[in-house]
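# Examining the three-dimensional arrangement
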Amino acid sequence: MNLFRKAALTTLLPLAALAQSPQAKQDATVRINQIQVIGTHNSYHAGFAPSEAAYMKMKNPKAFEALDYSHAPLDQQLSNGIHQMEIDVYADAKGGRFAHPAITQMVADAKLPADPDLDPNHDFDKPGFKVMHVVGIDQRSSCKTLVVCLTVVHTWSKAHPSHLPIFLLIETKYDKPAAKPQPWSVSTEPFTPAVFDALDAEILSVFPKDEIITPDQVRGTHATLPEAIAAKGWPTLAEARGKVVFLMDQSSMTPVYTEGHPALKGRILFTNAIAGTPDAAFVEMNTGTKAEIDTLVKQGYIVRTRTDEPTEAARTNNTVMRERALSTGAQFLSTDYPASEAARWDGHYHVEFPGGRTARCNPLNKPAGCQDDLLEGAN
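What counts, and where the lines are drawn
- Residues numbered from 1 in each chain as written.
- Predicted model: local features only at pLDDT ≥ 70, side-chain atom pairs only at ≥ 80, totals over all residues.
- Heavy atoms only, no water.
- Helix = DSSP H or I, 4+ residues; strand = E, 2+ residues; numbered from the N terminus.
- Expected span 1.5 Å × (residues − 1).
- Buried < 20%, exposed > 50% of the residue type's maximum accessible area, 1.4 Å probe, protein only.
- Arc of directions from axis to C-beta.
- Contact = heavy atoms within 4.5 Å.
- Axes fitted to C-alpha atoms, helices over the stretch in contact; angles between N-to-C directions.
- Left-handed = near helix turned anticlockwise from the far one by under 90°.
- Nonpolar A, V, L, I, M, F, W, Y, C, P; charged D, E, K, R; others polar.
- Parallel < 35°, antiparallel > 145°, perpendicular 65-115°, else oblique.

### Considering helix 7 (residues 146-159)
Between its terminal C-alpha atoms helix 7 stretches 20 Å, which fits the 20 Å expected from 14 residues at 1.5 Å a residue. Within the sequence span of helix 7, burial applies to L146, C149, L150, V153, H154, W156 and S157. Along the axis of helix 7, the buried residues cluster in a sector spanning 165 degrees; they form a single face. Summarising the contacts, the buried residues of helix 7 are in contact with helix 5 (74-79), strand 2 (84-90), strand 3 (130-131), strand 4 (166-172), helix 8 (193-204) and strand 5 (244-248).

Below is the structure:
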């Protein structure tokens, strides 16, 4: 054997050995709808600053309790095993629309100490989609713009190239004008097809298309997404590691997002669709029954459900909703209380899979022999 051929074989042997690893063998057969992951609800949410909290407790304690949760920065959540996250976005084409939240003045008027600056980098002044929960009241976020949030995720992804796919649920927020608006209210921009074009473009400004599992990729040569997932299924983990999947929260926005894009052709997000419609691949069943959820999963759909809503379950350690979710085949189980963040609140309530896992083979549709401990390999 000549030296060149021997050197070439020596170089290839480690790659061949890697390809035959147990994880690689499993990845070639397990599809992304055949796993389950723990996700976080409003993953960007930073909660209230001290004086904001004091003001809310004084003026509306019930609303405060519903909003009194927070999460670690997105990259920390990913490092802790969270692979499904939710980001709320408001359109702000010109910038500055949400730069002066009313609660800051409310705190001042109540003679409470000033809180830390909500936006020291002036991200709210810049054009583009903003990330926050309730306009004027609950705007503190670990990343204030969609671009910043996605950049955090992208940076983490590139540093951990063999990660399980990251599922990013985008909630498009729009408040219809009230008949009698509050003095402090700020009008929001509606989501039109053109605004959705801008949303797709903003996503692609951070994530190249080859790092995203898109509706076009899943559909392939089929006319509709239901046909595709029935005929060939979702991508395997081998095809999906190191990539992201974008999904839309509001089903009401489906007709707007699909206008001019039948079956989501050319679009980036999978819609929260009605089963059987041309764009249907992902369905939310936040409070659905086990039977309803499992029926959809068996049909090939990816399903998101909630384990707690809003914060009452954690305050009372009521596990009914959590146990219902854990008993289903829903691929995303979304919580405000992942086990990795238990130190952020009092009480024992948290959400994880048996053994402290944040990902597992889906008990409802996993291939025979799928092993949980092979899902979370070295990143």
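### A word on the packing of helix 7 against helix 8
In the contact formed by helix 7 and helix 8, the axes pass within 9 Å of each other and the chain directions differ by 35 degrees. Helix-helix and strand crossings are classified by hand; for helix 7 and helix 8 the assignment is right-handed. Between helix 7 and helix 8, the contacting residues are L146, V147 and L150 on the first element and L199, E202 and I203 on the second. Of the residues that constitute the contact of helix 7 with helix 8, the class distribution is five nonpolar, no polar and one charged.

### Considering the packing of helix 3 (residues 50-59) against helix 6 (residues 102-109)
The geometry of helix 3 relative to helix 6 is characterised by a closest axis approach of 10 Å and an angle of 80 degrees between their N-to-C directions. Judged on the interaxial angle alone, helix 6 and helix 3 are roughly perpendicular. Here S51, E52, Y55 and M56 of helix 3 lie close against helix 6, whose contacting residues are I103, M106 and V107. For the contact of helix 3 with helix 6, the class distribution of residues is five nonpolar, one polar and one charged.

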